[in-house]
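Tertiary structure, described
The primary structure of each chain is shown beneath.
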Amino acid sequence: MDPEDANTPTTRLLTLLNVSALKSRKRPSEDPYPREKLNKRKSTDDRPQPSEFQDKAVLQPGDDLDAAEQEIDQSDQHDLESHHPYDQHFGPNPEILTERTRTAVDRKHWISHRECIGKLDAIASVLPEASLPQKKRAKKTAVLERLLNPFEARQAKQPAEHTRIQDDLLSVLSAHLDIYHASVNLEHHQCIREVITLHALDHVTKKRRRVLKNNDRISHAKSTSSDPPEDVQDQGFTRPSVLFLLPFRSSALAWLNALTTHTPSPSFQIENHARFLGEYSLPPDAVDKLAAAPHGTYPADHVEMFKGNVDDSFRLGIKMTRKSVKLFSDFYNCDLILASPLGLRMSIEKQKSSDFLSSIEILVIDQMNALTMQNWDHVQFVLSHLNEMPKESRDADFSRIKPWYLDGFSTYLRQSILLSPFETPETRSLYNTTLKNVAGKVRVNKPWPALQVPDGIDHTFLTFDCMNLREEADKRFTYFTTQLLPKVLKSAVQSANTVVFIPSSFDFIRVHNYFRKMSGISFTVLSEYSSNQDISRARQAFFSGKKAFLLISERFHFYRRYKIRGIRNILFYGPPTHPQFFSEFLTYPFLDDGVDPSDVTCRVACCRYDRFKLERILGSRGIKEVLSE
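What comes next is a walk through the structure.

Cut-offs used in this document
Residues numbered from 1 in each chain as written. Predicted model: local features only at pLDDT ≥ 70, side-chain atom pairs only at ≥ 80, totals over all residues. Heavy atoms only, no water. Helix = DSSP H or I, 4+ residues; strand = E, 2+ residues; numbered from the N terminus. Buried < 20%, exposed > 50% of the residue type's maximum accessible area, 1.4 Å probe, protein only. Contact = heavy atoms within 4.5 Å. Areas by Shrake-Rupley, 256 points an atom, 1.4 Å probe, with all protein chains shown as cover. Axes fitted to C-alpha atoms, helices over the stretch in contact; angles between N-to-C directions. Nonpolar A, V, L, I, M, F, W, Y, C, P; charged D, E, K, R; others polar. Pairing = 2+ DSSP bridges. Right-handed = clockwise from strand over helix to strand, strands pointing away. Phe/Tyr/Trp six-rings, centres within 6.5 Å; stacked < 30°, edge-to-face > 60°. Lys NZ or Arg CZ within 6 Å of the ring centre and 35° of its normal. 1 Å grid on protein atoms, 1.4 Å probe; cavity = no way out; pocket = protein on both sides within 12 Å on 5 of 7 lines; lining within 4 Å. Points joined across faces, edges and corners; volume = space filled by probe spheres on them. Salt bridge = Lys/Arg side-chain N within 4 Å of Asp/Glu carboxyl O. Expected span 1.5 Å × (residues − 1).

Digging into the overall build of the protein
A tally of regular secondary structure across the protein gives 22 helices and 17 strands. Counting across all 629 residues of the protein, residues that qualify as buried make up 54%. Contacts in the protein between residues far apart in sequence, at least 24 positions, make up 79% of those at least 6 positions apart. A total accessible area of about 29,300 Å² is found for the protein, and carbon and sulfur atoms account for 50% of it.

Okay, here's the thing in structure tokens:
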């Protein structure tokens, strides 16, 4: 690198040190962050805490630590030994972080192979070619006994299948490998949350105890007037080390519930819990129509996704101590952050700073299918600000910061955990291009069975040639407007009671504008921006036959999940991202009495770039026949 380049880590670090030095000259002699009295009476005021962006030092000797937090459990001293996975990966000088491994990751020189890890389906494990030989999986005993023993006691009371899934995941997580689990189903989602929160809590606890032990060593050296220890690099630039990216407030509630299973009362006190429930649950007088509806009224995945508070703008800091979980801590004084991509982006743009994301060591992104339906650009924005060199020192003690933070290499050690019920091009691209963990990464590979659809329906998959992804949108539009739609319009039967399902919002706007310019076609639309009144009018007009075509966006069906009556013909502009939508639309014609399967037609326009979507519909075996045509 050119040292004169202003964007190099070296230049940015020197700038940061200079700014810190200038500030230190103006700092008053008294402690700007006085410690709270241990016997101070707690206020019952439940108003918001100080700003989440309040400048706060990283853990310093004796700074902002209550008596319980300063205690080190002697029974868990094994977590401070250098031969354990935590110190091997996140210690001051990890052996796997070398110039060769960084270069191999940057050049995407991965060696891929397949293996099975217990209950998990086929696993594709990929490691940099320059990595040192090491075992990819860690033993369960890598977790602190204080956390592991209660966890195993709870495992004994749950189904054996859930225990196997948790143990298999924990062996990968404890080795600090990246994991991309794109086959999370509803039944296993909660047990997966619990094992990931166990791993996150274990990580935060080990990090805090390492800091506290070094604090004691420094204090002892001062009291004995001896030379201070030099091997005390145990921190990042800022305190937050775990980030959860989630789509809704209800998701944050589910993850906090999973976290607090490891911090039960009376051993732990959850501070501001009442406030959290008030802000992240529905109001007391509100009725959750999805949760209260009889079983089977709505699809199970829709109920699980949208029950509770579905606000998509939130952020929450959580500070962990030995005996408490402090919710609504400011970002620079917390250990974990639960937030939505939109909530974080609004905060970063408002404060013009993302320093609180500079030292994230574990990243968890859950329900990625929902995030793709919201705005994927928000996810990419947040990820682009992870592990950057901070703009301000924020009273950090640079003698305590790990060398690989100062060198700007923290992104090569960050562990990322990606969860989704299925893959999309966006999530696979994130896995391929954004994850740079030199320890390696694994991807859960699920063989998909063919989707069950009503017998007797004439459904055809029509492929069009497209050899360039950049041309895919134009090629699809041309095929639809010159090949598929004209054939439909020539048929009196197929040109009435016809639904056009459009997965992409951009394609939806394009097709909508095309229909508006065509004369002699009666149509109506249902999009994510349709009001309740517009939806009612469109459904009634289509069902009564006043409108021959109904254009529906996938986002509309994702959020609303209405059952559409009056359908006889279905045109899929492209395969739906959510496979269950395909089978649902093929069953909607039978909501009307007297409909025979021979009365229903289905046409799907597809190309080679629809592979993920087609695989979930046709099955891993059936897709080969369609794409070969």
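Considering the packing of helix α8 (residues 249–260) against helix α9 (residues 273–280)
α9 packs onto α8 with a crossing angle of 145° between their chain directions and a minimal axis gap of 9 Å. Only H273, F276, L277, E279 and Y280 of α9 make contact with α8, whose side of the interface consists of R249, S250, A252, L253 and L256. Tallied by class, residues from the contact of α8 with α9 come to six nonpolar, two polar and two charged.

Here we look at the pairing of strand β14 (residues 523–526)
Two strands pair when backbone bridges link them, and β14 and strand β15 (residues 549–553) are joined in this way by four bridges, in the parallel orientation. Looking across to β15, one finds that F523 is bridged to F549. Handedness of the crossover joining β14 and β15 through helix α19 (residues 532–544): right-handed.

What to know about the sheet that holds strand β13 (residues 498–502)
Taking strand neighbours across the sheet as the criterion, the six strands line up as β12-β17-β16-β13-β15-β14 in an open arrangement whose pairing is parallel. With one partner strand each, in any of the chains shown, β12 (458–463) and β14 form the two edges of the open sheet. Direction aside, the axes of adjacent strands within the sheet are offset by 15° on average. In the sheet, strand β16 (residues 569–572) pairs with strand β17 (residues 601–606) via four bridges, with the strands oriented parallel. Residue pairing across strands places F572 opposite V604, the latter belonging to β17.

So, the packing of aromatic side chains
To describe a pair of aromatic rings, you give the distance between the ring centres and the angle between the ring planes. In the structure shown here, the tally under the stated rule is 28 aromatic pairs. With centroids separated by 6.5 Å and ring planes inclined at 65°, the aromatic side chains of F237 and F398 adopt a geometry described as edge-to-face. Taken together, the residues F237 in the loop between α7 (186–223) and β4 (242–245) and F398 in the loop between α14 (376–384) and α15 (403–406) connect sequence positions 161 residues apart. Each residue in the set Y86, F90, F237, F398, W404 and Y405 is aromatic and connected to the rest through ring pairs, giving one cluster. Geometry around W110 places K441 over its ring, the cationic atom sitting 4.5 Å from the centre.

Notes on the side chain of T524
Counting through the fold element by element, T524 comes out in strand β14. Not counting chain neighbours up to four residues away, the residues in contact with T524 comprise A538, K547, F549, L550 and L551.

Re the layout of surface pockets
Put simply, the second largest pocket is a space of about 1,200 Å³. Around the second largest pocket, the lining is made up of 35 residues, and of these P425, E426, S504, F506 and K613 lie nearest the centre. Listing elements by their share of the lining of the second largest pocket, those giving two or more residues are α13 (368–374), α14, α16 (425–433), α17 (472–490), α18 (505–517) and α22 (611–628). Looking at the lining of the second largest pocket element by element, the count peaks at five residues for α18. Looking at side-chain class alone, the lining of the second largest pocket contains 13 nonpolar, ten polar and twelve charged residues.

A look at the pattern of salt bridges
Per the counting criterion, the structure on display carries 24 salt bridges. Note that E304 is salt-bridged to K307, the shortest N-O span being 3.5 Å. Judged by its relative accessible area of 35%, E304 is partly exposed. The class for K307 is partly exposed, based on a relative accessible area of 33%. Each of the salt bridges in this network shares a partner with another, and the network as a whole consists of D301, R561 and E584.

Thoughts on helix α21 (residues 579–587)
α21 sits mainly inside the fold: seven of its nine residues count as buried. Residues P579, F581, F582, S583, E584, F585 and L586 constitute the buried set of α21.

Some details on α8
Helix length check: α8 (twelve residues) gives 16 Å between terminal C-alpha atoms against 16 Å at 1.5 Å per residue, within 8%. In terms of residue burial, α8 counts as a mostly covered element, since eleven of its twelve residues are buried. Turning to α8, its buried residues are R249, S250, S251, A252, L253, A254, W255, L256, A258, L259 and T260.

Scope: geometric values only; no functional claims are made or implied.
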